[in-house]
Amino acid sequence: MHAHKQLLVDVDNLTVHQGNETALNNVSVCIHAGEFIGIVGPNGAGKTTLLKAVLGLLPEYHGHITKQKATVSYIPQHGNLYSGLVPMSVMEVVKLGSAGSVAIALEALAAVGMVDAAAKRFLELSGGQRQRVAIAKALASQPDILILDEPTTGIDEHSQAEFYETLGGLQKKGITIIMVAHEVDTVLKHATRIIALNRELLYDGPPELFDAEKHIPNIFKARHEELHHGEHHA
Amino acid sequence: MPEIFEYSFMVRALLAGLLVAVTVPVLGSFLVARRYSLIADSLAHVSLAGVGAGLLLGFAPVLVAVPVTVVGALLLEWLRQRRGLSGEVSLAVLMSGGLALAVVLANLAQDGSVDFSSYLFGSITTTTPTDLIALGIAAAVTLAVVAWNYRAFLHIAFDEDSARISGYRVTLLNYTLAAMTAVMAVLSLRIVGGLLISALLVIPVVTASRFTRSFLQTIGVAIVCAMVAVLAGLAIAFYAGIAAGGAIVLSAIVLLIIAMIWKS
């Protein structure tokens, strides 16, 4: 079905061991230009590991990962965004993406509606605003592929909706989006393709045919436990 | 001319202090941003072990302390990258271990002509012309390396993974930052002292960050704070006859308290 689209990343028979555990077992995934891929699955399913494989951050793995020459930008989990004690201005953060260019940084801030915040401290902003600045930083590097790891976890619903809208706009401009997401229902609405993982590939196809209870029955149990025990996800 | 400038040792101490004040907050900003301030403290303690070894072997203490501390820094960074460093516990062991080794080695050396406490707390009388030259070279190299790689260091401070994805040589730069911190910690020993140097890495940065909106501003204001603290501290040490490091760090803390009251 993707025959006409350019193949960007080809993950072939990927197996990753972490300590004595198998984080990913024999996973094969092809990523084509222009897709909006939502990766879902319970905690510890290897979702982040798959992202790291695509990003080339895995020191050891079995299998083959072939990447076309493409600029990749990465947005970490909301909780892993900068929280250091030394202030950074929003402009400084976005300029990290634009290789110092103020013009490109302003353009990227405009794309996420955050130009007015350019002179503010990054840590003054709300969680949703910080995540938008993180997108601006990623956009400023003019990526072909945008990779996001649970970007909206811990952000209020209104900001989440805005966030997905921004992402949808980017995809229409031709940027390929790969995103690990906790909010399965929301992802189903926006993604063009769903990949469900639980250490192995459970589902890979269009969102319309995806049935969470059938394909990842564990996810609801896991989320239920999480809510009741207040556990942190890895 | 004030009395303080009539002594050549004092002029050397002031110059050395200013070199330390210009350089250390720059490194400190990156360390504090990444919450590594304890690492600097551990390195300073390791440098004291190097001084002890130098005294025992009969070499110039600083010549021994520089390689010992740089190796310590590289080891720490290696452990951190492997996540083998279980946070505070390993640092605490290294910190007290370094100091314990320093004391034992210095005792074994039993060289009555050397006042070991000057390495612990700093002194205004011990800066030699050679120390000053070494400090000048180290400061120039450190500032040049940071200026040259500023955007890379800032990107790493913001997020190591995305800096790596952007193509920066993160591992090499992390080792470089650790090694530069180690060298500056050793060369600051005679002025500020091994037990107090980390205060000069951290306090001016924290003071500055109460007023600033960006990283670059913070570095600039932190340098000014460190210079004020060093000049005030050395003057107090001179007139009151007390350890330079103590006076400098207390001056830096007074600035921090003023900043906290001002911005409360």
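Just so it is clear, the structure is predicted and the values come from calculations on it, not from any experiment.

J.: Could you clarify how one ought to interpret the interface of chain B and chain A in this entry?
T.: A common measure of how large an interface is: the accessible area buried when the components associate. Contacts between the two partners involve 24 residues from chain B, matched on the other side by 19 residues from chain A. Of all the elements in the fold, those that place two or more residues in the side of chain B that touches chain A are α1 (8–33), α7 (150–158), α8 (160–165), α11 (197–209) and α12 (215–240) of chain B. The biggest single contributor to the side of chain B that touches chain A is α7(B), with five residues. Taken together, the residues of the side of chain B that touches chain A sort by class into nine nonpolar, eight polar and seven charged.

J.: What is the right way to read the environment of Ala119(A) from this model?
T.: Residue position: Ala119(A) is located in the loop between α3 (102–111) and α4 (127–140). A C-alpha to C-alpha distance of 8.8 Å links Ala119(A) and Glu92(A), two positions 27 residues apart in sequence. Leaving out residues up to four positions away in the same chain, Ala119(A) has contacts with Ser89(A), Met91(A) and Arg213(B).

J.: When you look at the confidence of the model for chain B in this model, what are you seeing that I'm missing?
T.: Interpretation of this model should avoid reading the predicted coordinates in detail wherever pLDDT is low. In this model, chain B carries an average pLDDT of 89, and 96% of its residues clear a pLDDT of 70 or more. With a pTM of 0.86, the predicted complex shows an ipTM of 0.86.

J.: Quick question: what am I supposed to make of the confidence of the model for chain A here?
T.: Residues and elements named next belong to chain A. With 91% of its residues at a pLDDT of 70 or more, chain A shows a mean pLDDT of 84. In the model of chain A, helix α8 (residues 217–229) stands out as the element of lowest mean pLDDT, 56, in contrast to helix α2 (residues 90–97), which has the highest, 95. For the stretch residues 230–234, pLDDT sits under 50, and the model shows five contacts to residues farther than four places along the chain or on other chains.

J.: Teacher, can you tell me more about the packing of α3(A) against α4(A) here?
T.: Working note: a packed helix pair is described by the angle between its axes plus the distance between those axes. Residues and elements named next belong to chain A. The geometry of α3 relative to α4 is characterised by a closest axis approach of 8 Å and an angle of 135° between their N-to-C directions. One element, α3, and the other, α4, form an angle in the oblique class. By crossing handedness, the relation of α3 to α4 is classed as right-handed. Two secondary-structure elements touch here, α3 through Ile104, Ala105, Ala108, Leu109 and Ala111 and α4 through Ala136, Leu139 and Ala140. For the contact of α3 with α4, a count of residues per class yields eight nonpolar, no polar and no charged.

J.: Got a minute to help me understand the packing of α1(B) against helix α9 (residues 170–187) of chain B in this structure?
T.: Residue and element names in this part refer to chain B. α9 packs onto α1 with a crossing angle of 140° between their chain directions and a minimal axis gap of 11 Å. Here α1 lies oblique to α9, going by the angle between them. Between α1 and α9 lies a crossing whose hand is left-handed. Along its contact with α1, which presents Thr23, Val24, Leu27, Phe30 and Leu31, the element α9 presents Leu177, Met180, Thr181 and Met184.

J.: Explain the sheet that holds strand β1 (residues 7–18) of chain A here, please?
T.: Strand-to-strand pairing in sheets goes through backbone hydrogen bonds, with the strands running parallel or antiparallel. Residues and elements named next belong to chain A. Reading across from one edge, β2-β1-β4 is the order of the three strands in this open sheet, with antiparallel pairing throughout. Looking at the sheet topology across the chains shown, the edges are occupied by β2 (21–32) and β4 (62–67). Ignoring which end each strand starts from, the neighbouring axes of this sheet average 15° apart. Pairing of β1 with β4, which is carried by five bridges, proceeds in the antiparallel orientation. The partner of aspartate 10 across the bridge, within β4, is threonine 66.

J.: Please explain helix α2 (residues 37–57) of chain B as it appears in this structure.
T.: Note that an α-helix has 3.6 residues per turn; residues three or four places apart therefore point the same way. Under the 1.5 Å per step criterion, the end-to-end length of α2(B) is 31 Å for 21 residues, consistent within 8% with the ideal 30 Å. Within α2(B), 17 of the 21 residues are buried, which leaves the element mostly enclosed by the surrounding structure.

J.: How should I be thinking about the environment of Asp116(A) in this particular structure?
T.: All names here are of chain A. Here aspartate 116 lies in the loop between α3 and α4. According to the C-beta neighbour criterion, aspartate 116 is exposed, with 9 such atoms within 10 Å. Linking aspartate 116 and threonine 71, residues 45 residues apart in sequence, is a C-alpha distance of 28 Å.

J.: Explain the sheet that holds strand β7 (residues 176–180) of chain A to me, please; I cannot follow it from the model alone.
T.: Residues and elements named next belong to chain A. One open sheet holds the six strands; their spatial order is β5-β6-β7-β3-β8-β9, and the pairing between them is mixed. A single partner strand is all that each edge strand has here, and the edge strands are β5 (72–75) and β9 (201–205). Across the sheet, the mean angle from the axis of one strand to that of its neighbour is 15°, orientation sign disregarded. Pairing analysis gives four bridges linking β5 to strand β6 (residues 145–149), with the strands arranged parallel. Bridge assignment links isoleucine 75 to a residue of β6, and that residue is leucine 148.

Analysis parameters
- Every chain is numbered independently, its residues counted from 1 as its sequence is written.
- Working convention: letters from A go to chains and numbers from 1 go to ligands, in the order in which they are written.
- Note on the predicted model: pLDDT of at least 70 is required for a residue's local features to be given, and 80 or more for side-chain atom pairs to be given and counted; whole-chain, interface and lining totals, by contrast, use all residues.
- Note on contacts: each residue gets a C-beta atom placed from the backbone, and two residues are in contact if those atoms are within 7 Å.
- Helix numbering and strand numbering both begin at the N terminus, where a helix is a DSSP run of H or I of at least 4 residues and a strand a DSSP run of E of at least 2.
- Under the scheme applied here, ten amino acids are nonpolar (Ala, Val, Leu, Ile, Met, Phe, Trp, Tyr, Cys and Pro), four are charged (Asp, Glu, Lys and Arg), and all others, including Gly, are polar.
- By definition, pLDDT measures how confident the predictor is in each residue, and it falls between 0 and 100.
- Note on method: axes are straight lines fitted to C-alpha atoms, helices fitted across the in-contact stretch only, with angles between N-to-C directions ranging 0 to 180 degrees.
- Here the angle decides the label: under 35 degrees means roughly parallel, over 145 means roughly antiparallel, 65 to 115 means roughly perpendicular, and every other value means oblique.
- In this scheme the handedness of a crossing depends on how the near helix is turned from the far one: anticlockwise by less than a right angle means left-handed, clockwise means right-handed.
- In this description, strands pair whenever DSSP reports at least two bridges between them.
- Here a helix's expected span is defined as the number of its residues, less one, multiplied by 1.5 Å.
- Exposure criterion: with C-beta atoms placed from backbone coordinates, a residue whose C-beta has 20 or more other C-beta atoms within 10 Å is buried, one with 12 or fewer is exposed, and one in between is partly exposed.

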